[in-house]
Amino acid sequence: MMTKEHIHRIHRLAHREWTAAARKLDLSFNEFEYLSAVQAEEDRMRIEDAHGQHLQDIVATLGVTKASASTMIAKLEGRGLVTRFQCQVDARAQHIVLTDAGRALMAQGEAVYERVAARLNSTNE
């Protein structure tokens, strides 16, 4: 059974791994969380209607303000990690999707969690 001590240990280990990886990747954990939200919605939406999500979907997924999400998406777009395009259904909205560079960085970020899982599995055996 998972205890609060286990969760705290996992959090500390993941935080240390992210701190080290962030310097190498030039990607903060917060930026990774936004990219993850874009990817998760993109994967879900791809099945349903073949396009990315709106800013409001990211706001709901991450529990952040619209202003905060808008600022971060603009920053990620400026870095070439996401792109936006006009929604065909709602002219006021834009869809947000990962670029190839964003997908590549996501894969490297996900590797952080693979390393954490490997370390946890090796200490639990």
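Scroll up a little and you will see the structure.
Residues numbered from 1 in each chain as written. Predicted model: local features only at pLDDT ≥ 70, side-chain atom pairs only at ≥ 80, totals over all residues. Heavy atoms only, no water.

Asker: Mind showing me how you'd approach the overall build of the chain here?
Answerer: Scanning the chain from N- to C-terminus turns up five helices and two strands. Listed N to C, the secondary structure of the chain is α-α-α-α-β-β-α in terms of helices and strands. In the chain, which comprises 125 residues, the share counted as buried stands at 34%. Across the chain, the fraction of contacts at a sequence separation of at least 24, relative to all contacts at a separation of at least 6, is 57%. (Helix = DSSP H or I, 4+ residues; strand = E, 2+ residues; numbered from the N terminus. Buried < 20%, exposed > 50% of the residue type's maximum accessible area, 1.4 Å probe, protein only. Contact = heavy atoms within 4.5 Å.)

Asker: Please clarify how the nonpolar core should be interpreted in this entry.
Answerer: For soluble globular proteins, the rule of thumb is that nonpolar side chains tend to be buried together. In this structure, Leu35, Ile73, Leu76 and Val82 are the most contacted members of the largest nonpolar core, which totals 23 residues. Every element with two or more residues in this core is listed here: α1 (4-25), α2 (29-49), α3 (55-62), α4 (66-78), β2 (94-98) and α5 (100-124). For this core, the element with the highest residue contribution is α2, accounting for five residues. (Core = buried A, V, L, I, M, F, W, Y, C linked by side-chain atoms within 4.5 Å.)

Asker: How do you make sense of unusual backbone geometry when you look at a structure like this?
Answerer: Working note: non-glycine residues mostly have negative phi, and peptide bonds are mostly trans. Although it is not a glycine, Asp26 adopts a positive phi angle of roughly 55°. Here Asp26 shows up in the loop between α1 and α2. On the accessibility criterion, Asp26 (55% relative accessible area) is exposed.

Asker: Help me understand the pattern of salt bridges, please; the structure alone is not making it clear to me.
Answerer: A pair can form between side chains of opposite charge whenever their charged atoms are brought close. Going through the model one piece at a time under the given rule, you end up with six salt bridges. Among the ionic pairs, Glu31 bridges to Arg79, the shortest N-O distance being 3.2 Å. Of this pair, Glu31 sits in helix α2 while Arg79 sits in the loop between α4 and β1 (82-86); the two residues are 48 residues apart in sequence, bridging distant segments of the chain. The exposure class of Arg79 is partly exposed, given its relative accessible area of 31%. If you follow the salt bridges from partner to partner, you end up with Asp26, Glu31, Lys75 and Arg79 in one network. (Salt bridge = Lys/Arg side-chain N within 4 Å of Asp/Glu carboxyl O.)

Asker: It is not clear to me how the layout of surface pockets should be interpreted in this structure. Could you clarify?
Answerer: Gaps between atoms show up when a probe of the same size as a water molecule is rolled over them. Considered as a void within the structure, the largest pocket measures approximately 190 Å³ in volume. Only α3, α4 and β2 provide two or more residues apiece to the lining of the largest pocket. Considered class by class, the residues forming the lining of the largest pocket number four nonpolar, three polar and three charged. (1 Å grid on protein atoms, 1.4 Å probe; cavity = no way out; pocket = protein on both sides within 12 Å on 5 of 7 lines; lining within 4 Å. Points joined across faces, edges and corners; volume = space filled by probe spheres on them. Nonpolar A, V, L, I, M, F, W, Y, C, P; charged D, E, K, R; others polar.)

Asker: Would you mind showing me how to read α1 here?
Answerer: A turn of α-helix holds 3.6 residues, and therefore any two residues three or four places apart point the same way. With 22 residues, α1 extends 30 Å between its outermost C-alpha atoms, agreeing within 8% with the 32 Å of an ideal straight helix rising 1.5 Å per residue. Within the sequence span of α1, burial applies to Leu13, Ala14, Glu17, Trp18, Ala21 and Leu25. Downstream of α1 by one or two residues, Asp26 has phi in the positive range, about 55°. (Expected span 1.5 Å × (residues − 1).)

Asker: What is the right way to look at the packing of aromatic side chains in this model?
Answerer: On inspection of all chains with the given rule, the structure shows four aromatic pairs. Between Trp18 and Phe29, the aromatic rings sit 5.7 Å apart at their centres with planes inclined by 75°, giving edge-to-face as the arrangement. Taken together, the positions of Trp18 in helix α1 and Phe29 in helix α2 put the pair eleven residues apart, joining distant regions of the chain. Residue class for Trp18 comes out buried when judged on its relative accessible area of 4%. (Phe/Tyr/Trp six-rings, centres within 6.5 Å; stacked < 30°, edge-to-face > 60°.)

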